[in-house]
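Descriptive structure summary
Chain by chain, the residues:
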Amino acid sequence: MAASYPPVDNATLKALRKGDVSALEKIHRASYAAIVADAARQGGDPSFGPPVAELAMLTVWENHANHENEEDLQNAMQTAVRAGVTREQRRRATAKDGGRPSGGTVDSVWTRINAEIAKSASAPAASKHTEPKRKIERAAANDAGGRGGMIVVGVVLLIAAGFGGWKVMQQGDHGVAEGSFTASGAKPVSVQAGQRANLPLGPGDTAAIGSDSRVVVGGDYGTKVRAFKLDGSAKLHVSAGKHFEVDAKEVAITTSSAATFAVRAYKDDPAVIVSVKEGDVKVETPKESRTVGAGKAVAISGDGVISDPSAEAVDQALGWADGHVAFTNAPLHTVMSEFMRWYDLPVTTKDTSLLMRKVTMSVALESKKDAIAALEESAKVRFSYDKDSKPVLSGAPAGSKPAAKPNAKPAAKPAKAAAPAKKKK
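Residues numbered from 1 in each chain as written. Predicted model: local features only at pLDDT ≥ 70, side-chain atom pairs only at ≥ 80, totals over all residues. Heavy atoms only, no water.

1. With respect to the pattern of salt bridges
The full count for this structure, using the stated rule, is 17 salt bridges. One salt-bridge network, held together by shared partners, links Asp212, Arg214, Asp231, Arg264, Lys267, Asp268, Asp269, Glu338 and Arg341. (Salt bridge = Lys/Arg side-chain N within 4 Å of Asp/Glu carboxyl O.)

As structure tokens, this is what we get:
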């Protein structure tokens, strides 16, 4: 069940929408304790609280003009906290020293938030965060356990800094595409960890959106260009027609022909991966460009260099688009991070010696049970739940076989699919 944070009065909400930083500070101070407790519960560690609380308020501020009522704000904060916990888990899993941050207080965290707001306010791009609220899109979704249903995919809180360094094709189709992301008809969409969504873009164009992803569909889609901005992973099927472009970090993937291709570009990934199934696309960076045909894939490093990834790397990055999750000699800490992303399963371990164990496995995306069993067998670990019902891994005794079934989590009522949003009169 999603946490509930302290209510916010209408006057504070109105001030927040107008860009009053003092209103954000009031919300921060009122909700800090609740957010810290929620982050600690989700992350399994009290130290998750301060960095997640900081991210939550910054993401609320990024979209401050769009919080029309208390329900909007609550949903935004819940989504931000959940995303913050996921990012903090991945950051710690990949940090050599464990990445545990220093502590924080309501005052010290606000000091950092205020400094970030002041910094962004001095940048030219800061003005674009005051746009009117976008129409909420509904997408067909499936959770990682295979349960079908409909989810309402809400307005995503995107930080523009990830695209600030783009230098190529500032005019022409690319310039129009970039401008469409801040046009009045742009449609931000968010998909949470453990969920996936199918999103219609336009006639003949669809996007399957991977777990833990945020996208923006450009305004006036199909009028001048067809534009799609990605932080996460998506599989695109597009028809022949006007210039179609995916902007992912500082990479543009474009085509005017019919094509089916998948892209992975999470903010914490070291490279963008593009894999083409049908047709061909052009991949452009500030440094070089390449046309990628059917059956081929490329990896684009952070400095814009395009290379040929291994089949195993492509399968690990984009296997979800074909319905499976795969790893080849991947360290356990990476697999744990991906389990959080694709199965919403925040697995932890107290035995840090396990983190570098190599994992090789391939299982259907829909089956969390099979994924756990495969992980146990490959990494020689045991999956269980601690006294607080949190999933943990421990080393399996020598010579033992993986359990036929993972230890049962205490019974809970089945989750219900989110109800469609009510239309405002």
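2. Remarks on the packing of helix H8 (residues 332-343) against helix H9 (residues 368-379)
Across the interface, H8 lies against H9 with an axial gap of 12 Å and an inter-helix angle of 175°. By the angle class used here, H8 and H9 are roughly antiparallel. Residues Leu332, Val335, Phe339 and Tyr343 of H8 pack against Lys368, Ala371, Ile372, Leu375 and Ala379 of H9. Residue composition of the contact of H8 with H9, grouped by class: 8 nonpolar, no polar and 1 charged. (Axes fitted to C-alpha atoms, helices over the stretch in contact; angles between N-to-C directions. Helix = DSSP H or I, 4+ residues; strand = E, 2+ residues; numbered from the N terminus. Parallel < 35°, antiparallel > 145°, perpendicular 65-115°, else oblique. Contact = heavy atoms within 4.5 Å. Nonpolar A, V, L, I, M, F, W, Y, C, P; charged D, E, K, R; others polar.)

3. What about the confidence of the model for the protein chain?
Mean pLDDT for the protein chain: 81, with 78% of residues reaching 70 or above. Mean pLDDT across the elements of the protein chain ranges from a minimum in strand E2 (residues 148-153), with 36, to a maximum in strand E10 (residues 259-265), with 98. Scored below 50 in pLDDT, residues 403-425 makes 26 contacts in the model with residues more than four places away or belonging to other chains. (pLDDT = per-residue confidence, 0-100.)

4. Focus: helix H3 (residues 49-62)
Its 14 residues give H3 an end-to-end C-alpha distance of 20 Å, which sits within 8% of 20 Å, the value for a rise of 1.5 Å per residue. In terms of burial, H3 is a largely internal element, 12 of the 14 residues being buried. If you check which residues of H3 are buried, you get Gly49, Pro50, Val52, Ala53, Glu54, Ala56, Met57, Leu58, Thr59, Val60, Trp61 and Glu62. (Expected span 1.5 Å × (residues − 1). Buried < 20%, exposed > 50% of the residue type's maximum accessible area, 1.4 Å probe, protein only.)

5. So, the packing of aromatic side chains
One pass over the structure, following the stated rule, counts 4 aromatic pairs. For the ring pair Phe339 and Tyr343, a centre distance of 5.3 Å and an interplane angle of 55° mean the geometry is tilted. Here Tyr343 and Phe339 lie together in helix H8, a separation of 4 residues that amounts to about one turn. Residue classification places Phe339 among the buried positions, given a relative accessible area of 1%. When the ring centre of Tyr266 is taken as reference, the NZ or CZ atom of Arg341 above it lies at 3.4 Å. (Phe/Tyr/Trp six-rings, centres within 6.5 Å; stacked < 30°, edge-to-face > 60°. Lys NZ or Arg CZ within 6 Å of the ring centre and 35° of its normal.)

6. Overview of the pairing of strand E12 (residues 280-284)
Of the strand pairs in this sheet, strand E9 (residues 251-255) and E12 are connected by 3 bridges, and their pairing is antiparallel. Across the sheet, Ala252 pairs through a bridge with Glu284, a residue of E12. Here 5 bridges tie E12 to strand E13 (residues 289-293), and the two strands are oriented antiparallel to one another. Each bridged residue has a counterpart across the sheet, and for Val281 the counterpart in E13 is Val292. Counting the residues between successive antiparallel strands, the hairpin from E12 to E13 contains 4 residues. (Pairing = 2+ DSSP bridges.)

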